[in-house]
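# Descriptive analysis of the structure
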Amino acid sequence: MPEVDVDFPALTITCSPEQALERLEQAAKRGKLPGFERGAAGHLFEVDAYGAIFEYGLRAQASTSKGNTTLAFSLVLRRKIPAIFGVVLLLSIWPGMPMTDSMLRTWSTWYDSLPSWATQAWYVPLMVLPLPWMWLSWVRSSRRAANEQAKVQLETITTVLRDAMAA
């Protein structure tokens, strides 16, 4: 999954990564950390950072030294929704072309005199050319929304871990 280039402050805590996971898992069970999952290879845990269209995750990687644990955070794009969007966009272009051609030939007598490639000549560019700009707009707006949600999640994580250390 590609990481998004957003810098989040590292969080240094005085407990072990396993203790932090236990505390965060308890907070997640109380509904404070949506999408909390213990990490797999390469990261300690991940929480949801909702984007407007595409979904993101806020991942934490842990490093320990001198009894302290430092959590470094990164925002990661989840590929499932972009893949679905891409496939649907590509598959929706072709059925629309024959349907549009058929509709125009049925409703307009003058269009029936044109060759069949005439519809392809204007329809395909009309449908394909805007796609990169649409996609870029979707990615940017999703990234902004995910960044804001990640900040909220990071505040919750900081509060949970700081409160647990104080107790």
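The following paragraphs examine the structure supplied in this document. (Residues numbered from 1 in each chain as written. Predicted model: local features only at pLDDT ≥ 70, side-chain atom pairs only at ≥ 80, totals over all residues. Heavy atoms only, no water.)

Helix and strand content of the protein: 4 helices and 6 strands. Counted from the first residue to the last, the protein has its helices and strands arranged as β-β-α-β-β-β-β-α-α-α. For the protein, whose C-alpha radius of gyration is 24 Å, the value lies well above the compact-globule estimate of 15 Å for 167 residues. Here the C-alpha coordinates of the protein stretch approximately 80 × 30 × 25 Å along the principal axes. Looking at the protein as a whole, 35% of its 167 residues qualify as buried. Residue pairs in contact within the protein that sit at least 24 positions apart in sequence constitute 59% of those at least 6 positions apart. Just so you have it, the protein exposes about 10100 Å², and 60% of that area is on carbon and sulfur atoms. Taking the 16 positively charged and 15 negatively charged side chains of the protein as two groups, their mean positions are separated by 3 Å. (Helix = DSSP H or I, 4+ residues; strand = E, 2+ residues; numbered from the N terminus. Rg over C-alpha atoms; globule rule 2.2 N^0.38 Å. Buried < 20%, exposed > 50% of the residue type's maximum accessible area, 1.4 Å probe, protein only. Contact = heavy atoms within 4.5 Å. Areas by Shrake-Rupley, 256 points an atom, 1.4 Å probe, with all protein chains shown as cover. Lys, Arg positive; Asp, Glu negative; His and termini not counted. Charge placed at Lys NZ, Arg CZ, Asp CG, Glu CD.)

Time to look at the packing of aromatic side chains. For any two aromatic rings, the description comes down to two numbers: the centre-to-centre distance and the angle of the planes. One pass over the full model with this rule turns up 8 aromatic pairs. When the centroid spacing of 5.3 Å and the interplanar angle of 40° are considered together, the rings of Phe 54 and Trp 135 count as tilted. Here Phe 54, found in the loop between strand 4 (45–49) and strand 5 (56–65), pairs with Trp 135, found in helix 4 (residues 131–166); they are 81 residues apart in sequence, far enough to count as distant. Measuring from ring centre to ring centre gives 5.9 Å for Trp 122 and Tyr 123, while their planes differ by 80°; the resulting arrangement is edge-to-face. Residue Trp 122 is classed as partly exposed on the basis of its relative accessible area of 36%. Among the aromatic residues, ring-to-ring pairing joins Phe 54, Phe 85, Trp 135 and Trp 138 into one connected group. (Phe/Tyr/Trp six-rings, centres within 6.5 Å; stacked < 30°, edge-to-face > 60°.)

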